[in-house]
Structures are given as C-alpha cells and as structure tokens.
Amino acid sequence: MKIRVGVIFGGETVEHEVSIISAITAMFKIDQEKYDVVPIYITKDGEWYTGEMLKDIETFKDMDLLKRYASNVVLYRDNGRFVLKKKHSLFGKVVNEIDVAFPIVHGTNVEDGALQGYLQTIGIPYVGPNVYASAVGQDKVFMKQIWANEKIPMSKFIWFYDNDFKKDQDEIIKKVKSIGYPVIVKPATTGSSVGIGVASNEKELIDAITEASLYDEKLLVEEMIQNLREVNISVHGNHENQKTSEIEEVSSHNKFLTYKDKYIGDGTISHGAKKFGIKAGFGGVKASKGGYKAGMPASSRIPAKLDSKVRSEVEDIAVRCFKALGSSGTCRIDFLIDDKNNKVYVNEINSIPGNLAYYLWEAKGVDFTDLLNDMITLGIKEHKKRSSKTHSFDTNILAGYTSNGVKGVKGTKGVKNIKR
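What comes next concerns the included structure. (Residues numbered from 1 in each chain as written. Predicted model: local features only at pLDDT ≥ 70, side-chain atom pairs only at ≥ 80, totals over all residues. Heavy atoms only, no water.)

What follows covers the overall build of the chain. Looking only at helices and strands, one finds 13 helices and 16 strands in the chain. Looking at the chain as a whole, 53% of its 420 residues qualify as buried. Taking the intrachain contacts of the chain between residues at least 6 apart in sequence as the baseline, contacts between residues at least 24 apart amount to 66%. About 20300 Å² of surface is accessible on the chain, with carbon and sulfur atoms providing 49% of the total. (Helix = DSSP H or I, 4+ residues; strand = E, 2+ residues; numbered from the N terminus. Buried < 20%, exposed > 50% of the residue type's maximum accessible area, 1.4 Å probe, protein only. Contact = heavy atoms within 4.5 Å. Areas by Shrake-Rupley, 256 points an atom, 1.4 Å probe, with all protein chains shown as cover.)

Okay, here's the thing in structure tokens:
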C-alpha cells in the first residue's frame, strides 16, 4: 500500500503564490510508485481545500471555481487516522486521509512554526523543520542572535520594533549611523525580499523603515557589504547528518535581489515548472522558453566560481548554521562575500526554500525525485524519534481536587490562603 502524502501549500502569507508554484512543481516530481499525493491548499483567508484539480496551476486563476469544485475540509486525528473531512458536511464525510504531511509553504503564518505546531499537536508525521527551527528560521532577529552566540560571521546589524521608532526616532537613526550608510532595512519575518529597502541617507532610511513596517512590527537594519558577491547553498539532513549541495552565485541589476528577480523576471513563470510539464498562466505570469526556476534568480551561475578556501568556508558555515538552529529537511542558506577581502558572511536561512532548492542538488547529481523521497523518509524518522521521548506523566495529581476548586489538595503551598 502506498504512503499517502498530504502536500500542504498556500496560506495567509505574502509568499502565497510562491508556495503554490513550489508545491505544484514538487507534486509533479514525487515518486508516484511509492506515494499517493494528496494536495491540501490553504487559501489566503485560512480555509483548507483538497481535490485533484489542485495539482494544476490553472486552477488557481479562478478562485470562485476552485472553491466550488474542490472540497472545503478540516484535517484532524480520528482514532489514529489523519482524515480530511468536509467542513460543512452534516455527517462529516471523510474526503481523504493522509499518513504524512509535507508542508511546502513560505512565510509568516505557515513556515514560521504555526502550521508545524498544529501538525505536531494532532500527532501526524511531517516533513521539514520542527516548530522551534521553523520559528527561529523565519525570524531574522532570532536566527542572528543564535548565530552570534555560535560566533558565526555576519554583517553588523541592529533591530527594533516599529513602536520603538515612533517613540524615539532619533535614537534609532543614531544607531544606524554607527553601522554606516548604505544599509539594508528588512521586516524580520518576511521572505522573498518582500518589504526590503536600501537606504543611503537619513531620508531614505525613514522611507525604508516606513515601508518595512507595513509587513512586520519587528525590523532589522543591516550593514551593506561592499565588493559584494552573493552565493547560496542548500543543506539537507538533521542535527545528526548533513549534506551540502552545489553552490550558486546570484546577481541582480538592483542593489539586492528583489521579489521580481527571484520569481517573475521578464514576465516568466519558473523554467522548472515548464521543464516538468506544469501548465502555465498563473496570476498574470506566463511561462516562456528561456525562463528560470522558481526560487532561482534570473542571473545565476552554478557552480559559483569560488576558490577552494572560500568554497570550503561556505560549506562549513552552512552546516554550522543548520545545526545551530536545529533545522531538518532541506533548507537554503544565503551568503554575502566581500570579494576584495575574501570575507564570508552568512545572511539568512530559508527553512523551506522556493522549489526546495532542487536545482542546487541537481547540479550535484541528485535527482529531484530522490531528494523528495529522502525528505519524506527523514520526516517520518524524525516523527518516530519525537514519539519515543517522554512528553507526559501518568500521575494522580488531580485526585485531591474538588469540583469547586482546589480544597483538599495536600502539599500545595499556599492553597488554604486562596480567596474565593
């Protein structure tokens, strides 16, 4: 009997559409001989849907039709089964069931531990980082604080809340000046370069902070590395074993890689999607020959031209970053290199990267289907390890409690002084 894999994607996130592209690309490449793929789509308003039509990217061009013909469901545990039941069915008709969940999601509310927490609560095995790794991997401030403790090289940065800026703008500007212009301003928890801006002076700084504040209340300002080269690498595994992919070098006509650089470029959808035979025409974005892979910038060199010392340093730091955050599955870690001084700085981690960074693995001879198979197997193993740990005790601590409060509990300090 095949393992039923529920691929979860979408969600209330600014990276909603990117998640759809990533998930459909992956669903096409999951080994159909080993797995039954069950698509589970979360709309921007938090409704869950399932149905075979969700494997076709054309479906998402008309949300009214999608909601009419796909099944609106809830996922929960029912006597050891993980079922998708119709949400508004009088008798709770089971539409499908799954054995393992595979979140292919990007951004806040889904990649940040919220979805992983739900999956872990109902007890279903799931692929990718756990709740903790998801949370710190999404919050750029948390990840940098952890990496700083591990003495991992990073550019200078400060962080603050938008409310701090409103209360004492001059103090924040003073701190930024200590870093030195130009700087990059980022929302702490978004991805795909959403809400990011560059500031070369005080006015541009205020404008960039105002823009970033639209997306998050926690903000990050980073030193802009000079003589910049940007490279990415993927790490696969868990805290016990890690493998590194090929390294790519990316570039942009802009001062940093924008959302358009990463996903739209010249009006094309991903070359990866077209390569795998996925139908095009999504959100006004058309597939065309000479496009590029989702999650892979339009201008990219694989492998990156690095000397052996720098290449080794990138690989070593990537593994250290991965382990420090307790990551699992397949991530992508982005680096900044000062080409003049040959200094390597880690930028950030993408816990569930666009298209799962498959192109970095293909460049090293790893087939995407094999990568997906290994991710699913690893997710199941991680679940078994979590389940083997003690998480509760069989105790009689409630035996002394009465129906109207805590009267009669022995050994509870201060109980008799509680006022009712």
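Moving on from the coordinates now.
Here the focus is the side chain of Asp 338. Position of Asp 338 relative to the elements: it lies in strand S15 (residues 329–338). Lys 343 is the oppositely charged side chain nearest to the buried, salt-bridge-free Asp 338, at an N-O distance of 6.6 Å. A polar side-chain atom of Asp 338 sits 3.3 Å from a polar atom in the side chain of Asn 227. Apart from residues lying up to four places away in sequence, Asp 338 is in contact with Ile 225, Gln 226, Asn 227, Lys 343 and Tyr 345. (Lys, Arg positive; Asp, Glu negative; His and termini not counted. Salt bridge = Lys/Arg side-chain N within 4 Å of Asp/Glu carboxyl O. Polar contact = N/O pair within 3.5 Å; in protein donor to acceptor, adjacent residues only side chain to side chain.)

Taken N-terminus to C-terminus, the directions of helix H7 (residues 169–179) and helix H8 (residues 202–212) make an angle of 115 degrees; their axes are 11 Å apart at the nearest point. As summarised for this structure, H7 and H8 are arranged roughly perpendicular, according to the angle between their axes. Seen from above, H7 lies across H8 with right-handed handedness. The segment H7 lies against H8, with Gln 169, Ile 173, Val 176 and Lys 177 engaging Glu 202, Leu 205 and Ile 206. When the residues that make up the contact of H7 with H8 are grouped by side-chain class, the tally is four nonpolar, one polar and two charged. (Axes fitted to C-alpha atoms, helices over the stretch in contact; angles between N-to-C directions. Parallel < 35°, antiparallel > 145°, perpendicular 65-115°, else oblique. Left-handed = near helix turned anticlockwise from the far one by under 90°. Nonpolar A, V, L, I, M, F, W, Y, C, P; charged D, E, K, R; others polar.)

A few words on the sheet that holds strand S6 (residues 94–98). Sheet strands line up and pair through hydrogen bonds in the backbone, either parallel or antiparallel. Pairing within the open sheet is mixed, and its seven strands lie in the order S6-S5-S4-S3-S2-S1-S7. At either margin of the open sheet sits one strand with a lone partner, and together these are S6 and strand S7 (100–103). Direction aside, the axes of adjacent strands within the sheet are offset by 40 degrees on average. Both strand S2 (residues 35–42) and strand S3 (residues 48–50) contribute to a ladder of three bridges, which runs antiparallel. Looking at S3, one finds that Ile 42 is bridged to Trp 48. Along the sheet, helix H1 (residues 16–29) makes contact with strand S1 (3–10) and S2, crossing S1 at roughly 155 degrees. Packing against the sheet, helix H13 (residues 368–388) makes contact with S1, S2 and S7, and its axis sits at approximately 125 degrees to S7. (Pairing = 2+ DSSP bridges.)

Here we take up the sheet that holds strand S9 (residues 183–187). Reading across the sheet, the four strands line up as S8-S11-S9-S10 and stay open at both edges, with antiparallel pairing between neighbours. Of all strands in the sheet, those with a lone pairing partner are strand S8 (157–161) and strand S10 (197–199), marking the two edges. Each adjacent strand pair in this sheet contributes to an overall mean axis angle of 25 degrees, direction not counted. In this sheet, strand S11 (residues 218–223) lies alongside S9 in antiparallel orientation, the contact comprising five bridges. Across the sheet, Val 185 pairs through a bridge with Val 221, a residue of S11. The strands touched by H7 are S8, S9 and S11; relative to S8, the strand with the most contacts, the crossing angle is about 165 degrees. Packed on one face of the sheet, H8 meets S8, S9, S10 and S11 and runs near 20 degrees to S9.

This brings us to helix H3 (residues 114–122). Among the residues of H3, Leu 115, Gln 116, Gly 117, Leu 119 and Ile 122 are the ones counted as buried. The inward-facing, buried residues of H3 abut S1, S3, strand S4 (71–78), strand S5 (81–86), S7 and helix H4 (131–138). Gly 123 occupies a position one or two residues after H3 and carries a positive phi of about 90 degrees.

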